Amino acid sequence: VDSADTILRDAKSAEALMASNPGTVITLSPVLTGNTVANWNMKNPKFKDERVRQALSLAYDRERHVQLLNNGLGNPYVQALPWNFIFDKPPTQKEVGPWTRYDVAEAKKLLAAAGAENFTFEVLRSATYTTDSEFAFQVEAFKGIGANVQAKSVDVTAWNSQWQTSTFPDTVSKGINTGSVVADGFFRDQLETGGGRTASTSATRRSMSGRSSSRRR
């Protein structure tokens, strides 16, 4: 094998590989960007009210995600825009904005204020990008604030076709993006509302956290 994508998803997988192949050398680069929990289709009116998007962000326990699904490895508050473009060290929750904290009670209040107590939406995922355990964690998080979540899995071709053309009905789990060595390559093309790459979902990543929600491939 000369090149492969996502061979190891967590520390346990790395330990198992080392045990079965003692000569394996694993190197780690600094974590500069993070993953998006979900991306909303901003063309869909149900996501226009920022209180709905804020509630869905507050529903997600990022710290528990890191502990449970990443074996404690990672920073729950690293965003899509690499932190080293803005900060001198990985940011804390307070530094990236109030909507990245975990607050079920506040999330329920926001949904009620928006008249969306029985908020229903579909979450589309591909197992190529979101594992079964990650997807289950996401769905349960949204259900935890009273949302009615319709979980749907499709193959990677169907997922990519809807993601790249911004034609998914409601929400996609995670997302993929292109890297850049300059800040503008992330912000203008991928995060800025109406930016060059995806006008319909770009606003989503900003409004989820109050600044920019995160995603990475």
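Just above sits the structure.
Given the structure is predicted, the values throughout are model-derived calculations rather than measurements.

Caption draft 1: The arrangement of the packing of helix α2 (residues 50-58) against helix α5 (residues 104-113) in detail. At a closest axis distance of 8 Å, the pairing of α2 and α5 adopts a crossing angle of 160°. Relative to α5, the element α2 is oriented roughly antiparallel. Once α2 is placed against α5, the crossing between them reads as left-handed. Contacts from R51, V52, Q54, A55 and L58 in α2 reach V104, E106, A107, L110, L111 and A113 in α5. Classifying every residue of the contact of α2 with α5 by side-chain character gives eight nonpolar, one polar and two charged.

Caption draft 2: Examining a nonpolar patch on the surface more closely. A cluster of nonpolar residues, I7, L8, M18, I26 and L28, forms a patch on the protein surface that exposes about 480 Å² of accessible area. Among the secondary structure elements, L28 is positioned in the loop between α1 (11-20) and β1 (38-40). Since its relative accessible area comes to 80%, L28 is described here as exposed.

Caption draft 3: Examining helix α3 (residues 62-69) more closely. Those residues of α3 not exposed but buried are R62, H65, V66 and L69. End-on, the buried residues of α3 take up no more than an arc of 105°, which puts them together on one face. Near the N-terminus of α3, the side chain that reaches the backbone nitrogen of E63, with its oxygen 3.4 Å away, is that of D61. Phi for N71, located one or two positions after α3, is positive at around 55°.

Caption draft 4: Local environment of the sheet that holds β1. Reading across from one edge, β1-β4-β2-β3 is the order of the four strands in this open sheet, with mixed pairing throughout. At either margin of the open sheet sits one strand with a lone partner, and together these are β1 and β3 (148-153). On average, each strand axis in the sheet is tilted by 25° relative to the strand beside it, whichever way the strands run. Relative to strand β4 (residues 171-173), strand β2 (residues 120-125) runs parallel, the two being bridged by two bridges. Directly across from L124, in β4, lies its bridge partner V172.

Caption draft 5: Up close: the pattern of salt bridges. Counted by the stated rule, this structure contains five salt bridges. Across the pair K46 and D170 runs a salt bridge whose closest N-O atoms are separated by 3.5 Å. Of the two residues, K46 sits in the loop between β1 and α2 while D170 sits in the loop between α7 (156-165) and β4, which places them 124 residues apart along the sequence. With a relative accessible area of 7%, D170 lands in the buried category.

Rules used throughout
- Residues numbered from 1 in each chain as written.
- Predicted model: local features only at pLDDT ≥ 70, side-chain atom pairs only at ≥ 80, totals over all residues.
- Heavy atoms only, no water.
- Axes fitted to C-alpha atoms, helices over the stretch in contact; angles between N-to-C directions.
- Helix = DSSP H or I, 4+ residues; strand = E, 2+ residues; numbered from the N terminus.
- Parallel < 35°, antiparallel > 145°, perpendicular 65-115°, else oblique.
- Left-handed = near helix turned anticlockwise from the far one by under 90°.
- Contact = heavy atoms within 4.5 Å.
- Nonpolar A, V, L, I, M, F, W, Y, C, P; charged D, E, K, R; others polar.
- Patch = residues over 30% accessible without salt bridge, like charges linked within 9 Å, V, L, I, M, F, W, Y side chains within 5 Å.
- Areas by Shrake-Rupley, 256 points an atom, 1.4 Å probe, with all protein chains shown as cover.
- Salt bridge = Lys/Arg side-chain N within 4 Å of Asp/Glu carboxyl O.
- Buried < 20%, exposed > 50% of the residue type's maximum accessible area, 1.4 Å probe, protein only.
- Arc of directions from axis to C-beta.
- Polar contact = N/O pair within 3.5 Å; in protein donor to acceptor, adjacent residues only side chain to side chain.
- Pairing = 2+ DSSP bridges.

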